[in-house]
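Listed below, chain by chain, are the residues.
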Amino acid sequence: MTHRLRAAALGLCALALPGCETLSGLNPFGPGGPPEGQPGFVRGFLGGIAAEDPAAALAGRQVLSAGGTAVDAAVAAGFVMSVTLPSRVGIGGGGACLVFDPDKGAPEAVVFLPGPRQGVPAGADRPAAVPLLARGLFALHTRKPGRPFEELMAPAEQRARFGTEVSRGLAADLAAVAGPLLADPGAAAVFGRPGGGPKQAGETMLQPELAGTLGQLRLAGVGDLHQGMLARRLAEVSPQAGGSLTFDELRAALPGLEKPIDLASRGGDRIAFLPPPADGGVAAAAAFEALRGGADIGAGAERGLAAVAAFRSQGGDPRSVVTATNLPPARLGTLPASTGLVAFDRRGNAVSCAFTMNNLFGTGRMAPGMGFLLAAAPGLGAVQPPLLSAAIAYNPNFKAFRLAAAASGQEAAAIGVAGPAALQLFRGLAPEVAIESGAPGTARTQLAACQNYLPGRPDRCLIASDPRGYGVALGAVDE
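Residues numbered from 1 in each chain as written. Predicted model: local features only at pLDDT ≥ 70, side-chain atom pairs only at ≥ 80, totals over all residues. Heavy atoms only, no water.

## Observations regarding the overall build of the chain
Using the following cut-off: Labels follow the DSSP assignment, with helices taken as runs of H or I lasting at least four residues and strands as runs of E lasting at least two, numbered in each case from the N terminus. Think of it in three bands: residues with accessible area under 20% of the maximum for their type are buried, residues over 50% are exposed, and the middle band is partly exposed, with areas taken using a 1.4 Å probe on protein chains only. Residues are treated as being in contact if the distance between any of their heavy atoms lies within 4.5 Å.
Assigned secondary structure in the chain consists of 16 helices and 16 strands. Expressed as a percentage of the 479 residues in the chain, the buried residues total 63%. Intrachain contacts of the chain at a sequence separation of at least 6 include 72% that bridge at least 24 residues.

## Description of the state of the cysteines
Here, disulfide denotes a covalent bond that connects the sulfur atoms of two cysteines. Definition in use: What counts as a disulfide here is a pair of cysteine sulfur atoms lying within 2.5 Å.
Applying the stated criterion to the full structure yields two disulfides. The side chain of C97 participates in a disulfide bridge whose partner is C353; the two sulfur atoms lie 2.1 Å from each other. Its S-S torsion of approximately 110° makes the covalent link between C97 and C353 right-handed. Of this pair, C97 sits in strand β3 (residues 94–101) while C353 sits in strand β11 (residues 350–356), placing them 256 residues apart in sequence. The same class applies to C97 as to C353, namely buried. There is a disulfide in this structure between C450 and C461, and the S-S distance comes to 2.1 Å. Between C450 and C461, the S-S dihedral sits near 115°, and the bridge is therefore right-handed.

## Notes on helix α4 (residues 133–141)
Summarising burial for α4: nine of the nine residues are buried, a large majority. Within the span of α4, buried status applies to L133, A134, R135, G136, L137, F138, A139, L140 and H141.

## Quick word on the sheet that holds strand β15 (residues 461–465)
Spelled out, the test is: When DSSP finds at least two bridges between two strands, those strands are taken to pair. Fitted lines through C-alpha atoms serve as axes, helices being fitted only where they are in contact, and the angles separating the N-to-C directions of these axes extend from 0 to 180 degrees.
Judged by pairing direction, the sheet is antiparallel, and its six strands sit side by side in the order β8-β9-β12-β13-β14-β15 without closing on themselves. The outermost strands of the open sheet, each flanked by one partner alone, are β8 (261–264) and β15. Each adjacent strand pair in this sheet contributes to an overall mean axis angle of 15°, direction not counted. Where strand β9 (residues 270–273) and strand β12 (residues 389–395) come together, four bridges link them in antiparallel fashion. The partner of I271 across the bridge, within β12, is A393. Set on the sheet, helix α12 (residues 280–292) makes contact with β8, β9 and β12; between it and β8 the angle comes to about 5°. Sheet strands in contact with helix α16 (residues 431–438) are β14 (444–454) and β15, and its direction is about 40° off that of β15.

## Some points on the side chain of Q424
Cut-off, in case you're wondering: The definition of a polar contact used here is a pair of N or O atoms within 3.5 Å, where within protein one atom must be able to donate a hydrogen and the other to accept one, and adjacent residues in sequence count solely through side-chain atom pairs.
With respect to the secondary-structure elements, Q424 resides in helix α15 (residues 413–427). A distance of 3.2 Å separates the side chain of Q424 from the backbone oxygen of L429, its partner in a polar contact.

## Some points on the environment of V177
Of note, V177 is situated in helix α6 (residues 168–182). Each C-alpha atom, one on V177 and one on F361, is 8.5 Å from the other, the two residues being 184 residues apart in sequence. Residues within four places of V177 in sequence aside, it is in contact with L360 and F361.

## Concerning the packing of α12 against α15
Rules: When the near helix sits turned anticlockwise from the far one by under a right angle, the crossing is termed left-handed; a clockwise turn instead gives a right-handed crossing. As a working rule, the residues Ala, Val, Leu, Ile, Met, Phe, Trp, Tyr, Cys and Pro are called nonpolar, Asp, Glu, Lys and Arg charged, and the rest polar, with Gly in that last group.
Two numbers describe how α12 lies on α15: the axes approach to 8 Å, and their chain directions differ by 35°. The hand of the α12/α15 crossing is right-handed. Residues G280, A283, A284, A287, F288, L291 and R292 of α12 pack against A414, I415, V417, A418, G419, A421, A422, L425 and F426 of α15. Considering only residue class, the contact of α12 with α15 consists of 13 nonpolar, two polar and one charged.

Read these as geometric descriptors, not functional statements.
Below you can see the structure in the form of structure tokens.
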């Protein structure tokens, strides 16, 4: 049964943009966390985070160093990626996350996909998805908060306002779609070079309009984008970008709290995958079942794709599709880009997330005056839903975290989760080796594993980011 999470309404604050001093006060700890003797100071093992964007991983690591939870770290990293990797993450997009809380003993799924539209809106040559990232990250934060939500938004707002370097990952995405993307004046102002062409890795990217939007969300609350001033402004300006969002659509869009697809692993462990409508979890779960039964990585990948193709065409109970063995081979064709992150903390909380704009850079058009790209509406034209894939393994008897995985790579995203997870859980391979052996083709995996669980033996915890990608894994240990 789906339970709707309604974003808590924060009192409306002053509408002026926050100043530098205010932002500094919200992010007081710097790169190394708070000094000894100050509130939030923690010594020793703090956890870890891996993400496909280095700036996001660094932001998450700083939150862990400030005594924040894995949920806090994932929220901060998600907002930072909306600034530093807007090709795949954005205020106009969304995603889905799994959360493990040892106090509850089982994972939950927070699903906030960029919303579908009811047909093609009149005058929309590039229909936009209904945005859900901000509301989704707020919903995620409610599952296990440690630091104030407003504080977690500050690193993203700072980077948008004062500038951030173009990463190698963003530069590669820009090079892939520079022509059509830079045809939009708003996108060209952010991503283009003065002499023409896309920005290159290492160049500075300023996003003052996005900083203003993030500042308003921080002050007034994320609900402002759905039923406040920002919602009315987005409904007014989105037709100029061919997206034609309405105030009623924005107001109705809510994240959902779903029950994951939960399977047996080994030795009393279980592994949870994202549930529909994030149906990349169906593919990853089916691939994992095949690998658990002795299939090789290639056969597991084929089984996963066959399962999600059957689910998309027939619907029904996703668990019956996951365990089916007589499905015909299938190919899904071109799928949208996505990205992922994993995080865990010293208390054994863990998060695994996948994000998307339903296309590389979404519709390729900025919401005028608001600084963010509109995500592409799924199911219209050639836009298929992405395979958002993430998993968390745990032991329900110990109420302990075992493993977290997330992957991108379009068709390969599902096996990018299932393959490394199976190799780590069944054969005990180190995360780097499990990624190398179990994530084929275009898959790019983020993987964390605690061989003796958390809470438990933190010295047996490892985390890795796929070396074929542009991300980084950071263990958080303060000596």
